[in-house]
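Chain and residue survey
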Amino acid sequence: MTRSRVHRRPLLRPVPLAAVATIAALLGTGVVVAPAAAAPGTAASGAGASAASRPVTDPAGSVDPFIGTSHDGNTWPGATAPFGMMQWSPTGTKGDQTSTPVANGYSYDVNRLRGFSLTHLNGAGCAPGAAGDVPIMPVTTPVTTSPSADTTDTVYAAGYSHDQEHASPGRYGVTLDNGVRTDLAVTTRAGVGEFAFPAGTDANLLFRTSNSINGSEAADTRVDARTRTVSGSVLTGGFCSRRANGGGATNPDRRSYYRLFFTATFDKPFTSTGTWKDGAVQPGGTRASGGEGYLTGADRAGRGSGAWVGFDARRGATVHAKIGISYVSAAGAVANRDAEVRKHATVASVAADTRASWNRELSRIRVGGGTADRTTQLYTAVYHALMQPNTLNDRDGRYLGPDMRVHRMDRGHGAVYGTYSGWDQYRAQIQLLALLRPDVAGDMAQSMLRFAEQNGGVWDRWLHLGAPTHVMTGDPSAATLATWYAMGVRNFDVRAAYASLRKQATVENADAESDIGCPGQCLAQRPALDEYLQRHYAANDDCSCWGGAAETLEDSISDSALGYWASSLGLRSDARMFAARGEYWENTFNAAVGYQAARQADGSWTPGWSPSTGTGFAQGTSAQYTWLVPQDVSGLSSALGGDEQAVARLDAFFHDAAGNWAVTGGDATRFDPTNEPDIHTPWMYNALGQPWKTQETVRRVVDDAYRTGPSGLPGNDDLGTMSAWYVFASIGLFPQTPGRAEMLVGSPTFSTVDIRRSSGERIVIRSSGTDQYVQGARLDGKTLTKSWVPASFVNRGGTLSLRVGDTADTTWATAERDRPRDR
């Protein structure tokens, strides 16, 4: 989901190293360089020298956590581990304590902070997002008034300069204008913080326990001066709870669905303590309780609770805190901390261990022969894509379910994972996860199955942790698990998951006819299912969904994916049924205008149609959704009048009326790289017999819509989706359609890509350079005339060799037999 836009200069980066040796690149030698400096707004296409010719030993050094922190990317720069439970990062303020500058709290363009919060979501677009739990704020003034009463963040917030800020995978630091230097590092479930207070000032740490990004129902904070401990919990939730949708006051997500417990111990004694609730301050206090509610502005201002502890800073004070968190219990937070943070651990030692963990993940893709900027973008994109899903279970295997009960992880699994932005992620991020970490994808599939069972059998579209938020449209869980199965993921209860998803797709559930939360957060997994199965489309005036046309297109993709899965399981009847339902998109295609359009229950077309209309769609337009048929490109081509007409339409989709490229968004009738519904469209030329146009269009999007620096993402990262798209574009492959493992071939931006899946397969892509046009290909030594590679390339590994040049080859992979197959 994408929203507000801002722009800012990138950070200064080290100068790049020398050029790559071509021979080493072609032999598959991985490389890594220090990221290159980039001027504001400079595309990465030619920026920076070629990467140095040496093996990748520290790909984390090529990650820039500030990419996407401006220009609507909604990323954040704080410390986190791969798939981590803790994400310790700043929460900013623009002068309203009940809100944040962007959905996830941090904006590069807002240089004032009110705390360092323990949890965050990567790139979510539903402002103000969720999480941002337990902001901890160092202040150098005495606490004489309630921090909750500081509603404009005038007294207990602080400015900072980006010149005093640094971030790398697993570590974040900044020196605030009040003189306090903060340095943070984390493990999966715990962290170590260092707060260096200047001499001659007060030295207080505020625990703003109730001040989660969306507010809170309840909060509790306790101070124990004897053990130098601050602990507590916050009962919160409410992702997207402030949407001005049809739910209004009955918005189904204006509720609590998790409690986060925390415990922090310090290496220095407290010289003072205190607590507050709403406007009342209690110096010397050690216990406070009280939430803020889930509203904003005057309805929430001045409410909340927390505590502070003070230290002796007459000669300056450097204070170290060890913090653990848990979604299960206070004891779980202690156990997580003590197990993951060694007795003598420091910020530096914890950061080094987590950096090593990130290097293991990032090294699953080794690249060579690209520019320094592209190397930075690639590894930052992989980094962002592997922030979610998040570990949800404690070290002992217990976790919080959507029913607010504690459950235990199934035997044979490595972790329980939560947070799944289904509508966004099923198009690219889940495929990248399966490609690199099929074991994690399987654990996630098992987690989702258990969450559905704990949620009355319903697989929600958008899970925050394990809880349903009902956000967006369609049935992305079906497409996701079918895709994972196709890509070789097996470490989950396959039959139970398929049976559960099949039931939801064929038997109407209790919430199917409810309009609560619509549009945007409709309750049902398959809204108005009985009517949908009767009409073979979702009626815009009778669907209990966000938009009838969007629902039809999304469900057609998911049903097609279920059909592929059923076929793989030998369920022939199911395969035929779902394959037929995968063609329901035809029923919302208005041949009279040549576009997808919303349709009424009586069969008529919803009035007021135009190519730019959003009526019947979700975060997109008729022009953009018309292409949302990746499972049946040949059928769509026929509906558009044949391949020649379809190509002409697609050409116009990527160019303005004067013939100039238009691939950065802003036009409702053309390609929008900032949101998900049409991000697959640059690759559709392969199926239309003109793959060279895929190659030049993808490269143009890479060059024009993605950059280094804070404004480097075209739109909300949406839990790694936009980053995953960039990864696939960089390696020259893209998933053909959900439910399948075949990959469409493009042109890599690196001469060597070496992928090591966690399941053992090795996938190598080599090209004769980094020019954008493919002029010939070989697959495992044999000539490849197709513009796609089979599922075996993903599931068994192999080598794809490409000959590339700077002129289009209009004959390669153009024959009918060489195009991607719809079935």
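Right above here is the structure, for reference.
Presented here is an overview of the structure given in this document. Everything quoted here is computed from the prediction, not taken from an experiment. (Residues numbered from 1 in each chain as written. Predicted model: local features only at pLDDT ≥ 70, side-chain atom pairs only at ≥ 80, totals over all residues. Heavy atoms only, no water.)

Moving on: the overall build of the protein. When its secondary structure is counted, the protein shows 18 helices and 35 strands. In terms of overall dimensions, the protein is globule-like: its C-alpha atoms have a radius of gyration of 26 Å, near the 28 Å expected for 823 residues. Residues counted as buried form 67% of the 823 residues belonging to the protein. Summarising the internal contacts of the protein: among those between residues at least 6 apart in sequence, 73% fall at separations of at least 24. Of the roughly 25300 Å² of accessible surface on the protein, 49% is carried by carbon and sulfur atoms. Of the charged side chains in the protein, 76 are positive and 79 negative; the average position of the first set lies 7 Å away from that of the second. (Helix = DSSP H or I, 4+ residues; strand = E, 2+ residues; numbered from the N terminus. Rg over C-alpha atoms; globule rule 2.2 N^0.38 Å. Buried < 20%, exposed > 50% of the residue type's maximum accessible area, 1.4 Å probe, protein only. Contact = heavy atoms within 4.5 Å. Areas by Shrake-Rupley, 256 points an atom, 1.4 Å probe, with all protein chains shown as cover. Lys, Arg positive; Asp, Glu negative; His and termini not counted. Charge placed at Lys NZ, Arg CZ, Asp CG, Glu CD.)

Mapped onto the elements, Asp150 comes out in the loop between β4 (136–139) and β5 (158–168). For the pair Asp150 and Ser168, spaced 18 residues apart in sequence, the C-alpha separation works out to 32 Å. In this structure, Asp150 is in contact with Gln97, Val155 and Tyr156, ignoring residues within four places of it in sequence.

What follows is about the side chain of Gln377. Residue placement: Gln377 occurs in helix α4 (residues 372–385). For Gln377, a relative accessible area of 5% corresponds to the buried category. Within the local environment of Gln377, its side chain forms a polar contact with the backbone oxygen of Arg707, the two atoms lying 3.4 Å apart. (Polar contact = N/O pair within 3.5 Å; in protein donor to acceptor, adjacent residues only side chain to side chain.)

To continue, consider the packing of α4 against helix α17 (residues 721–731). Axis angle and axis distance: for two packed helices, these are the angle between their axes and the distance between the axes, and together they describe the pair. Packing of α4 against α17 leaves a shortest axis separation of 8 Å and a crossing angle of 135°. As far as their axial angle goes, α17 and α4 are oblique. In this structure, the crossing between α4 and α17 has a hand that is left-handed. Residue-level contacts link Arg374, Gln377, Leu378, Ala381, Val382, His384 and Ala385 of α4 to Ser723, Tyr726, Val727 and Ser730 of α17. A per-class count over the contact of α4 with α17 returns six nonpolar, four polar and one charged. (Axes fitted to C-alpha atoms, helices over the stretch in contact; angles between N-to-C directions. Parallel < 35°, antiparallel > 145°, perpendicular 65-115°, else oblique. Left-handed = near helix turned anticlockwise from the far one by under 90°. Nonpolar A, V, L, I, M, F, W, Y, C, P; charged D, E, K, R; others polar.)

Let's shift gears to the sheet that holds strand β24 (residues 462–464). The strands that make up a sheet are held in pairs by hydrogen bonds between backbone atoms, and each pair lies either parallel or antiparallel. Across the sheet, which stays open at both edges, the three strands sit in the order β23-β24-β25 with antiparallel pairing between neighbours. Each end of this open sheet is capped by a strand with a single partner; those strands are β23 (420–421) and β25 (467–468). The pairing of β23 with β24 spans two bridges and is classified as antiparallel. If you follow Tyr420 over to β24, its bridge partner there is Leu463. (Pairing = 2+ DSSP bridges.)

Outside of glycine, negative phi angles account for most residues, and trans bonds account for most peptide bonds. Cis geometry is found at the peptide bond from Gln388 to Pro389, where omega equals 10°. With respect to the element layout, Pro389 can be found in the loop between α4 and β19 (390–391). A cis amide bond links Cys518 to the next residue, Pro519, at an omega of -10°. In this structure, Pro519 sits in the loop between α9 (494–506) and α10 (529–535). Phi at Asp780 is positive, roughly 50°, even though this residue is not glycine. Its location among the elements puts Asp780 in the loop between β32 (773–779) and β33 (782–783).

A separate point is the state of the cysteines. Within the structure shown, the criterion is met by three disulfides. Between the sulfur atoms of Cys126 and its disulfide mate Cys240 the distance is 1.6 Å. On the sign convention where negative means left-handed, the S-S torsion of about 135° between Cys126 and Cys240 marks this disulfide as right-handed. Here Cys126 is found in the loop between β3 (112–117) and β4, whereas its partner Cys240 is found in the loop between β11 (229–237) and β12 (256–266), with 114 residues between them in sequence. By the burial criterion, Cys126 is buried, and Cys240 matches it. (Disulfide = S-S within 2.5 Å.)

So, about the pairing of strand β6 (residues 171–176). With five bridges connecting them, β5 and β6 associate as antiparallel partners. Residue Ser168 lies in a different strand from β6, and its bridge partner there is Arg171. Bridge count for β6 against strand β7 (residues 181–186) is five bridges, and the pairing is antiparallel. Residue pairing across strands places Gly173 opposite Asp183, the latter belonging to β7.

What follows is about the packing of helix α6 (residues 429–436) against helix α8 (residues 476–486). Direction vectors running N to C along α6 and α8 enclose 25°, while the axes themselves pass 10 Å from each other. Between α6 and α8, the crossing angle belongs to the class labelled roughly parallel. Helix-helix and strand crossings are classified by hand; for α6 and α8 the assignment is right-handed. Residue-level contacts link Ile430, Gln431, Leu433 and Ala434 of α6 to Thr480, Thr483 and Trp484 of α8. A per-class count over the contact of α6 with α8 returns four nonpolar, three polar and no charged.

A few words on the environment of Ala813. Along the chain, Ala813 turns up in the segment after β35 (798–805). Judged by its relative accessible area of 3%, Ala813 falls in the buried class. Separated by 481 residues in the primary sequence, Ala813 and Gly332 have C-alpha atoms spaced 57 Å apart. Ala813 has contacts with Pro691, Thr785, Lys786, Ser787 and Asp818, leaving out every residue within four places of it along the chain.

This part is about the side chain of Asn590. Summarising the element assignment, Asn590 is placed in strand β26 (residues 589–590). Looking at Asn590, the relative accessible area reads 9%, which means it is buried.

This next bit is on the packing of aromatic side chains. Two measures describe an aromatic ring pair: the distance that separates the ring centres and the angle between the ring planes. Considering all chains together, one arrives at 29 aromatic pairs under this definition. Both rings, one in Phe116 and one in Tyr172, keep their centres 6.4 Å apart while their planes meet at 50°; by these two values the pair is tilted. Residue Phe116 is located in strand β3, and its partner Tyr172 is located in strand β6; the two are separated by 56 residues in the primary sequence. According to the relative accessible area criterion, Phe116 is buried, its value standing at 0%. Taking the relative accessible area as the measure of exposure, Tyr172 reaches 0% and is therefore buried. Both rings, one in Tyr706 and one in Tyr726, keep their centres 5.2 Å apart while their planes meet at 45°; by these two values the pair is tilted. Note that Tyr706 is positioned in the loop between α16 (691–705) and α17 and Tyr726 in helix α17, a separation of 20 residues in sequence. According to the relative accessible area criterion, Tyr706 is buried, its value standing at 2%. Grouping aromatic residues by their ring pairs yields a cluster made of Phe207, Phe262, Phe266, Phe270 and Phe311. Here the basic side chain of Arg740 rests over the ring of Tyr564, its NZ or CZ set 4.9 Å away from the ring centre. (Phe/Tyr/Trp six-rings, centres within 6.5 Å; stacked < 30°, edge-to-face > 60°. Lys NZ or Arg CZ within 6 Å of the ring centre and 35° of its normal.)

Bringing the nonpolar core into the picture now. Core analysis: the biggest nonpolar cluster contains 198 residues, and Trp484 and Trp565 have the highest contact counts within it. Those residues within four positions of Trp565 in sequence are excluded, and the remaining contacts are Leu481, Ala482, Tyr485, Phe492, Val494, Ala497, Tyr498 and Leu501. Among the nonpolar cores identified, the runner-up in size contains eight residues, and Ala185, Ala190, Val347 and Ala351 belong to it. (Core = buried A, V, L, I, M, F, W, Y, C linked by side-chain atoms within 4.5 Å.)

Taken as a whole and judged by the stated rule, the model has 37 salt bridges. For Arg437, the salt bridge is made with Glu361, and the minimal N-O distance between the two is 2.6 Å. On the criterion of sequence distance, the pair formed by Arg437 in the loop between α6 and α7 (438–454) and Glu361 in helix α3 (residues 347–362) is long-range, its members being 76 residues apart. Assessed through its relative accessible area of 12%, Arg437 is described here as buried. (Salt bridge = Lys/Arg side-chain N within 4 Å of Asp/Glu carboxyl O.)

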